[in-house]
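# A closer look at the structure
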Amino acid sequence: MNHSDKIKQAFEAAKEQYAAIGVDVETAMDQLDKFPVSLHCWQADDVGGFETPDSSLSGGGIQATGNYPGKATNIREHRMDLEMAMALIPGKQRLNLHAIYGDFQGERVDRNQIELRHFQSWIDWAKDQGIGMDFNCSVFSHPKASDDLTLSHKNKEIRDFWIEHTKRCRAIGAEMGKQLGSPSIHNIWIQDGSKDLPVDRYTHRTILKDSLDEIFAEKYSNEHLKDAIESKLFGIGLEAMTVGNSEFYLGYAVANQTLICLDSGHFHPTEQVGDKISSALLFVPEILLHVTRPIRWDSDHVVTLNDDTVLIAQEIVRCNALDRVHMGLDFFDASINRIGAYVVGTRAAQQAMLFALLEPRELLLKYEEGGQFFERLAMLELLKTKPFGAIWDYYCLKHEVPVAQDFITDIQQYEKEVLSKRV
């Protein structure tokens with residue numbers, strides 16, 4: 001019996017075990033196929049971008065740690081790395097692009113002057129890959145963000161600069177969605193805050209609200225663009241006050257019916273983003289998730305199949321919200337092979353979703369509503385020892401990507417043949 005036959009045999013045996021508790025494995029895999037994960041472009045180069053040859057991130061508490069060899073240094077290398085990662089991940093995913101990653105062809109283009117032409121090659125590339133794209137304004141790492149205030153700045157000239165940048169990003173995102181036939185989610189995250197105690201939080205938040213109102217005045221079809229706004233508790237250098245905190249953005253999203261972006265690294269360590277999903281879904285049309293692993297606050301470690309990631313997936317499934325929740329990744333680990341980080345992190349997010357989709361939801365709900373809490377607990381524990389790995393291996397085989405540990409060898413070979421030769 002060859003390797004593929006062994007995987008199929010294990011799958012059939014696992015499938016029977018899940019069927020015995022009322023779970024249709026084939027349906028679960030089909031649902032996972034329709035739930036793409038948006039790969040964040042900034043993992044490939046540590047949030048450097050391509051504005052200038054020596055671009056590097058700074059500001060707002062964004063920090064990539066490590067200097068592992070082989071970082072992508074131009075768009076060609078960046079796309080090669082993305083293609084390599086996607087070839088090792090089952091299903092069709094998406095790309096989440098930041099504005100600093102435009103194809104500027106060596107031209108110095110300031111943020112308030114970016115145009116569709118600077119991103120058309122990315123759209124064409126995504127079309128060739130058969131994937132959708134999401135987009136982000138880049139409101140950091142710029143001289144006009146040097147004092148940690150942008151859209152909430154009391155200086156109108158600086159504020160208007162960033163308003164114009166964000167307007168242009170929304171227009172570009174809408175065109176991405178139109179050309180690719182899949183709505184692009186444009187997400188706004190800004191670094192604005194204060195290292196030490198401010199005396200005027202209210203005015204900065206009033207200004208931010210007015211800036212957002214101006215940015216969102218232009219309406220786009222939901223078939224092309226969806227707007228999301230993202231909060232943060234604090235960033236390094238912004239410990240005392242973040243203008244766009246959770247209360248601000250959730251209030252704004254509810255009032256204006258935009259998407260709220262919940263980043264699993266942007267809350268207090270004792271808070272669980274999974275617990276927030278059902279509450280937010282009651283008041284906003286859709287949710288964008290940025291999934292990361294915050295070992296110490298927003299440390300942005302590679303996503304793993306841990307309890308927090310599983311809870312996020314379970315809440316999406318239990319809320320019957322696969323069509324209302326969008327999952328993107330947001331980690332940037334420069335201490336390990338960056339393609340390996342992509343593959344481990346994306347597969348972990350997919351595994352969490354598949355694990356959640358394999359729950360016997362009707363049976364668990366029956367126990368819960370009948371006050372049978374021992375039975376509910378027992379079944380949730382038993383699910384942890386079900387042959388989930390056999391289902392995942394078959395899912396990878398079905399999508400013709402490496403099964404189990406096989407992708408490690410592929411990444412090692414790519415490092416030897418490609419990454420090690422980069423200067």
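Before reading further, recall that the structure is shown in the block above.
Everything numeric here is computed off the predicted structure, so don't read it as measured data. (Residues numbered from 1 in each chain as written. Predicted model: local features only at pLDDT ≥ 70, side-chain atom pairs only at ≥ 80, totals over all residues. Heavy atoms only, no water.)

## Quick look at the overall build of the chain
What counts, and what does not: Numbered from the N terminus, helices here are DSSP runs of H or I no shorter than four residues, and strands are runs of E no shorter than two. Only protein chains enter the area calculation, which uses a 1.4 Å probe; residues under 20% of their type maximum are buried, those over 50% are exposed, and those in between are partly exposed. Where accessible areas are quoted, they stem from the Shrake-Rupley method and a 1.4 Å probe; at the residue level, only the protein chains shown are allowed to cover. Under this rule, positive means Lys or Arg and negative means Asp or Glu; His and the chain ends count for nothing. Think of each charge as sitting on NZ of Lys, CZ of Arg, CG of Asp or CD of Glu.
A count of helical and extended segments in the chain gives 14 helices and ten strands. Expressed along its principal axes, the backbone C-alpha trace of the chain runs to roughly 65 × 55 × 40 Å. Expressed as a percentage of the 423 residues in the chain, the buried residues total 54%. About 18600 Å² of surface is accessible on the chain, with carbon and sulfur atoms providing 51% of the total. Computing the positive centroid from 44 side-chain charges and the negative centroid from 63, the chain places the two 1 Å apart.

## Remarks on a nonpolar patch on the surface
This is how the line gets drawn: Like-charged residues are merged into a patch within 9 Å and nonpolar side chains (Val, Leu, Ile, Met, Phe, Trp, Tyr) within 5 Å, provided each residue has over 30% relative accessible area and no salt bridge. Just to be clear on terms, a salt bridge is a Lys or Arg side-chain nitrogen sitting within 4 Å of an Asp or Glu carboxyl oxygen.
A surface patch of nonpolar side chains, amounting to about 390 Å² of accessible area, comprises L250, V254, L282 and F283. In this fold, V254 is placed in helix α7 (residues 246-256).

## Some remarks on the environment of V303
The residue V303 is located in the loop between β9 (287-291) and α9 (307-318) in this model. With 28 residues separating them in the primary sequence, V303 and F331 have C-alpha atoms 7.5 Å apart.

## Details of helix α3 (residues 75-87)
Convention followed: One less than the residue count of a helix, multiplied by 1.5 Å, gives the span that helix is expected to have. The contact criterion used throughout is that any non-hydrogen atoms of two residues lie within 4.5 Å. Pairs of N or O atoms within 3.5 Å make up the polar contacts considered here, provided that, within protein, one atom can donate a hydrogen while the other can accept it, and that residues adjacent in sequence are counted only when both atoms are side-chain atoms.
In a regular helix each residue adds 1.5 Å, so 13 residues correspond to 18 Å; α3 covers 18 Å between its end C-alpha atoms and thus fits that length. Within α3, burial applies to I75, E77, H78, R79, D81, L82, M84, A85 and M86. Of the surrounding elements, those touching the buried residues of α3 are β1 (37-40), β2 (94-98), α4 (120-129), α10 (338-357) and α14 (406-417). One side-chain oxygen of the residue at the start of α3 lies 3.1 Å from the amide nitrogen of R76, identifying that residue as N74.

## Describing the pairing of β1
Using the following cut-off: When DSSP locates at least two bridges between a pair of strands, those strands are taken to pair.
Every second residue of β1 is oriented toward a common face, with V37 and L39 on one face and S38 and H40 on the other, all of them buried. Sheet topology note: the β1/strand β10 (residues 325-329) ladder contains two bridges and is parallel. Within the sheet, the bridge partner assigned to S38 lies in β10 and is G328. Taken together, the three bridges between β1 and β2 define a ladder with parallel strand orientation. Note on β2: the bridge partner recorded for L39 is L95.

## Describing helix α1 (residues 3-19)
Put simply, the rule reads: It is the directions from the helix axis to the C-beta atoms that the arc portrays.
Under the 1.5 Å per step criterion, the end-to-end length of α1 is 24 Å for 17 residues, consistent within 8% with the ideal 24 Å. Three or more residues of α1 are buried, namely I7, F11, A14 and Y18. Axial view of α1: buried residues confined to an arc of 70 degrees, hence all on one face. Across α1 from its buried face, at more than 90 degrees, point the exposed residues E16 and A19. Against the buried residues of α1 lie α2 (25-33) and α13 (388-398). For α1, the N-terminal cap is N2; the gap from its side-chain oxygen to the backbone nitrogen of S4 is 3.2 Å.

## Examining the pattern of salt bridges
Evaluation of the coordinates by the stated rule reveals 22 salt bridges. One network of salt bridges, in which partners are shared, links E77, D81 and R422.

## Some points on the sheet that holds β1
What counts, and what does not: Here the axes come from fitting lines to C-alpha atoms, over the contacting stretch only for helices, and the angles between their N-to-C directions go from 0 to 180 degrees.
The sheet built from eight strands closes into a barrel, its strands ordered β1-β2-β3-β4-β6-β8-β9-β10 with parallel pairing. The mean angle between the axes of side-by-side strands here comes to 30 degrees, regardless of whether they run parallel or antiparallel. The sheet contact formed by strand β3 (residues 132-136) and strand β4 (residues 184-188) spans two bridges and is parallel. Its bridge partner being in β4, N136 is matched across the sheet by N187.

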